[in-house]
Amino acid sequence: MTSLVRLGNAMGAAGIAVALLVAFGLQFGLKELPCPLCILQRVALVLCGFGFLLNLRFGAQPLHYGLSILAALFGVAAAGRQVLLHIVPGSGAYGSAIMGLHLYTWSLILFVAVVAGVALLMIMGGRPDHDRSDHQAAMRFRGIHRFAAYLLIAATLANALNSFAQCGPVECADNPAGYWVAKYLP
Amino acid sequence: MTALIFLLVGVAMIVAVAGHRGTALGLFGVSFVAAALWLRHHMDSVLNLSL
């Protein structure tokens, strides 16, 4: 069961990294820049992934799951706010719809799925890994687990770069029309 | 600002992988609070929830 829980955590971390990469794909493919609330939803995704990463590196512990749930609730607040901004008919929408739903709606569904997934992992987990030494936990951090963690770190740092290129050091425009960094490029 | 939050979380992840759990948790805490404050900053417009 422990290996299944570890696989679940690896899938959680990798799944979040893939969701962030899909968001990049849509941003560059459809040429639609993310709004400030959209970027905050990406922040929430990254914060959710941090709990999974800690479980992969140090063993599954309730504290790590709690961090993921907190981050998912933060994501629900950001995505829920954006859904409510556009919920009245005629109030418009932001970005293109994917399979009938806008990205912020998909995002809300994803955060609820993270809470459900964490609940399942906690039910399956049984005894926490408190008693494992750091050396034991480090030895088990390899293969697909290590790959999922590195993929998540790469996606996070890519988002830092993208966010800086789009918004600069301070604040994003509400309806971004271009990259902040483009002003300084020849 | 969001770039800084992403960077903080990225550093927290790298620190965690290197084995420094306490420092990583501290960095996570700072980035979470910063993200929450930034979300509050962007929740300034009035919601219209009915016609």
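**Some remarks on the overall build of chain B**
Tallying secondary structure elements over chain B gives two helices and zero strands in all. Taking 10 Å as the expected radius of gyration for a compact globule of 51 residues, we find that chain B reaches 15 Å, considerably beyond that expectation. Dimensions of chain B along its principal axes, counting C-alpha atoms only, are 55 × 15 × 15 Å. Counting all 51 residues of chain B, 39% fall into the buried class. Counting only carbon and sulfur atoms, one obtains 70% of the accessible surface of chain B, whose full area is about 2700 Å².

**Description of the state of the cysteines**
All names here are of chain A. The final tally for this structure, using the stated rule, is two disulfides over all chains. A disulfide bridge connects Cys35 with Cys38, and the sulfur atoms are separated by 2.3 Å. Handedness of the Cys35-Cys38 disulfide follows from its S-S torsion of about 80°: it is right-handed. The exposure classification of Cys35 matches that of Cys38, with both residues buried. Two residues share a disulfide in this structure: Cys167 and Cys172, whose sulfurs sit 1.6 Å from each other. Residue classification places Cys172 among the buried residues on the basis of a relative accessible area of 11%. Sequence-ordered numbering of the bonded cysteines in chain A gives a disulfide pattern of 1-2, 3-4. Just so you know, Cys48 is unpaired, no disulfide at all, and the nearest cysteine sulfur is the one on Cys38, 16 Å from it. Cys48 sits in the buried class, given a relative accessible area of 0%.

**A closer look at the packing of helix α2 (residues 36–58) of chain A against helix α4 (residues 103–125) of chain A**
All names here are of chain A. In the contact formed by α2 and α4, the axes pass within 11 Å of each other and the chain directions differ by 15°. If you check the angle between α2 and α4, you find them roughly parallel. Crossing of α2 over α4 shows left-handed handedness. Residue-level inspection shows Gln41, Ala44, Leu45, Cys48 and Phe52 of α2 in contact with α4, the latter providing Tyr104, Ser107, Leu110, Phe111, Val114, Val118 and Leu121. For the contact of α2 with α4, the per-class residue count stands at 10 nonpolar, two polar and no charged.

Basis of the calculations
- Residues numbered from 1 in each chain as written.
- Chains lettered and ligands numbered in written order.
- Predicted model: local features only at pLDDT ≥ 70, side-chain atom pairs only at ≥ 80, totals over all residues.
- Heavy atoms only, no water.
- Helix = DSSP H or I, 4+ residues; strand = E, 2+ residues; numbered from the N terminus.
- Rg over C-alpha atoms; globule rule 2.2 N^0.38 Å.
- Buried < 20%, exposed > 50% of the residue type's maximum accessible area, 1.4 Å probe, protein only.
- Areas by Shrake-Rupley, 256 points an atom, 1.4 Å probe, with all protein chains shown as cover.
- Disulfide = S-S within 2.5 Å.
- Axes fitted to C-alpha atoms, helices over the stretch in contact; angles between N-to-C directions.
- Parallel < 35°, antiparallel > 145°, perpendicular 65-115°, else oblique.
- Left-handed = near helix turned anticlockwise from the far one by under 90°.
- Contact = heavy atoms within 4.5 Å.
- Nonpolar A, V, L, I, M, F, W, Y, C, P; charged D, E, K, R; others polar.

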